[in-house]
Amino acid sequence: SADKDKFLKVFDQLKTELINDFDTLPGLSDDLKLQLKSYYNECLQTTVPGGKMTRGLSVVRGVEILKGRALTEQEFFEASVLGWQVEWLQAFFLVADDIMDGSTTRRGAPCWYKFPHVTQDNGINDALFLENLIYKSLRRHFKKHPSYVQILELFIDTTFQTEVGQHIDTNGTPYADGKRAAVDLSRFTLDRYRGCVRYKTCYYSFYLSCALALAYTGVDPSESDMYVKADAVCMRLGEYFQIQDDVLDAFAPPEVLGKIGTDIQDAKCSWLVCKAMEMVTPEQKEILIKYYGTHDEEGVAKIKELYISLGLEKIYIDYEEEQKEACDALIATIEPESFQELFKFLLGKIYKRQK
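Residues numbered from 1 in each chain as written. Predicted model: local features only at pLDDT ≥ 70, side-chain atom pairs only at ≥ 80, totals over all residues. Heavy atoms only, no water.

**A closer look at helix α8 (residues 226-251)**
Threshold: Where helices and strands are cited, they refer to DSSP runs of H or I of at least four residues and of E of at least two residues respectively, numbered from the N terminus. A helix is expected to span 1.5 Å for every residue after the first. Here's how the labels work: a residue is buried when its accessible area is under 20% of the maximum for its type, exposed when over 50%, partly exposed in between, all with a 1.4 Å probe on protein chains only.
For α8, spanning 26 residues, the distance from its first C-alpha to its last is 37 Å, which sits close to the expected 38 Å at 1.5 Å a residue. Among the 26 residues in α8, 20 count as buried, and that is most of the element.

**As for the packing of helix α13 (residues 312-332) against helix α14 (residues 340-350)**
Keep this limit in mind: Comment: axis = line fitted to C-alpha atoms, over the contacting stretch for helices; angle = value between 0 and 180 degrees taken between N-to-C directions. We call two directions roughly parallel when the angle between them is under 35 degrees, roughly antiparallel when it is over 145, roughly perpendicular when it lies between 65 and 115, and oblique otherwise. In this scheme the crossing of two helices becomes right-handed for a clockwise turn of the near helix relative to the far one and left-handed for an anticlockwise turn of less than a right angle. What makes two residues a contact is simply this: any of their non-hydrogen atoms within 4.5 Å. Note on residue classes: Ala, Val, Leu, Ile, Met, Phe, Trp, Tyr, Cys and Pro are nonpolar, Asp, Glu, Lys and Arg are charged, and everything else, Gly too, is polar.
Relative orientation of the contacting elements α13 and α14 amounts to 165 degrees, with a least axis distance of 9 Å. Our classification of the angle between α13 and α14 gives roughly antiparallel. By crossing handedness, the relation of α13 to α14 is classed as right-handed. Contacts between α13 and α14 pair K324, C327, D328, I331 and A332 from the former with Q340, F343, K344 and L347 from the latter. Considering only residue class, the contact of α13 with α14 consists of five nonpolar, one polar and three charged.

**A few points about the nonpolar core**
Stated formally: For this analysis, a nonpolar core means a set of buried residues of the types Ala, Val, Leu, Ile, Met, Phe, Trp, Tyr and Cys, connected via side-chain atoms within 4.5 Å.
Grouped together as the largest cluster of nonpolar side chains are 107 residues, with contacts concentrated most on W88 and F343. Broken down by element, the residue count for this core peaks at 16 residues, all from helix α7 (residues 190-216).

**Here we look at empty space enclosed by the protein**
Where empty space is left in the structure can be found by rolling a water-sized probe over the atoms. Note the threshold: As defined here, a cavity is a set of points on a 1 Å grid over the protein atoms alone where a 1.4 Å probe fits but cannot get out. A pocket is an open set with protein on both sides within 12 Å along at least five of seven lines, and residues line them when an atom is within 4 Å of a point. Grid points are joined across faces, edges and corners, and a volume is the space filled by probe spheres set on the points.
Going through the model one piece at a time under the given rule, you end up with one cavity of 30 Å³ or more. Considering the residues around the largest cavity, the lining is formed by D246, D249, A250, D263, I264, S270, L272, Y292 and Y307. Among the elements that make up the lining of the largest cavity, the one with the highest residue count is α8 (three residues). Tallied by class, residues from the lining of the largest cavity come to five nonpolar, one polar and three charged.

**Quick notes on helix α2 (residues 30-47)**
Over its 18 residues, α2 runs 25 Å from end to end, which matches the ideal 26 Å to within 8%, given 1.5 Å per residue. All buried positions along α2 are accounted for by K33, K37, Y39, Y40, C43, L44 and T47.

**Details of the layout of surface pockets**
Quantified by volume, the second largest pocket comes out at close to 220 Å³. Forming the boundary of the second largest pocket are Q244, V247, L248, F251, A252, E313, Y316, I317, E320, K352, R353 and Q354. The set of elements that each furnish at least two residues to the lining of the second largest pocket consists of α8 and α13.

**Details of the side chain of D266**
Quick reminder of the rule: Positive charges are assigned to Lys and Arg, negative charges to Asp and Glu, while His and the chain termini are left out of the count. The term salt bridge refers to a pairing of a side-chain nitrogen on Lys or Arg with a carboxyl oxygen on Asp or Glu at a separation within 4 Å.
One can find D266 in the loop between α9 (254-257) and α10 (271-279). Within the buried core, D266 has no salt-bridge partner, and the shortest N-O distance to an opposite charge, that of K268, equals 4.7 Å. Contacts of D266, omitting those with residues within four sequence positions, involve D101, R180 and H295.

**Topic: the pattern of salt bridges**
Within the structure shown, the criterion is met by 20 salt bridges. Across the salt bridge formed by R106 and D98, the nearest N and O atoms sit 2.7 Å from each other. For R106, a relative accessible area of 18% gives the class buried. Among the salt bridges present, the one from K268 reaches D101, with a minimum N-O distance of 2.9 Å. One end of the pair, K268, is in the loop between α9 and α10; the other, D101, is in helix α4 (residues 73-101), and 167 residues separate them in sequence. On the basis of relative accessible area, K268 is assigned to the buried category, the value being 6%. Classification of D101 by relative accessible area gives buried; the value is 12%. Where salt bridges share partners, they join E17, D21, K136 and R140 into one cluster.

Pasting the structure below:
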């Protein structure tokens, strides 16, 4: 779409600004500056754009909806800058997450740390680097904006919340003596799962974009309940999105999904295993105990067969319809009515998605 193309042009400008910052560094030779510019030009181009860009575009859409009119060039640019910072945050999380999970592919290509000239050593530093660039761009473009501090705090708070969620996710099966302990299936409860999803997914994937649109348009959180209402809808949307993600991880073909799912191998506290735990017979539970967290293909296939025999795909299809109705009902309670459009836009992006 035209908006998407305009949005991508803003990325090009932000990338150019950030890469040119290397030229201002004192005490480095031209050769070193060239090396940095070349490496990080590739890093940014590989890790930041290339996804569906829903999080970033949602900020632009949110600002349009809240203003109730087409945006001026300047407003579109500023809303896009904010949207791209959400995409930068996502890039930071994904580069780090792929290393933590030992993933091999992302968006249909090798994970960044799997590039031969990158490796895990650079990948960890690059994740930290990507996070830092958010604050450089915000300072460059929003230092004089009346909502600058609020915007900074939204990124700080969201990063903290997501890292709490990441810890819960990584330690679904804890570590001991330098390696992962034996899988303890009793830890895989829907209660733990919901806590993990709230922090790992809902805030950065849904709430942040909505809150940035509110902050940019001058909605004061101390005088408006729109942030609280956005939070309620985003928690519901985020849980639905993550459950979808878990089902796709197990059942979507990698060529459609753009990555090879590793939740079973990584013994993740996924919706599928939590739901299975509520349903299994003692014999079926033995299959989970034996094969969940295994890295051999036969064991992974046995877990997927168990999920199918429990009818989890059908349960998910019913759940998806229930969530759609629940989201629609929750969205209908939001005032002003025009603000509902943003959540309808988000729900439309995820309902029945295939990747």
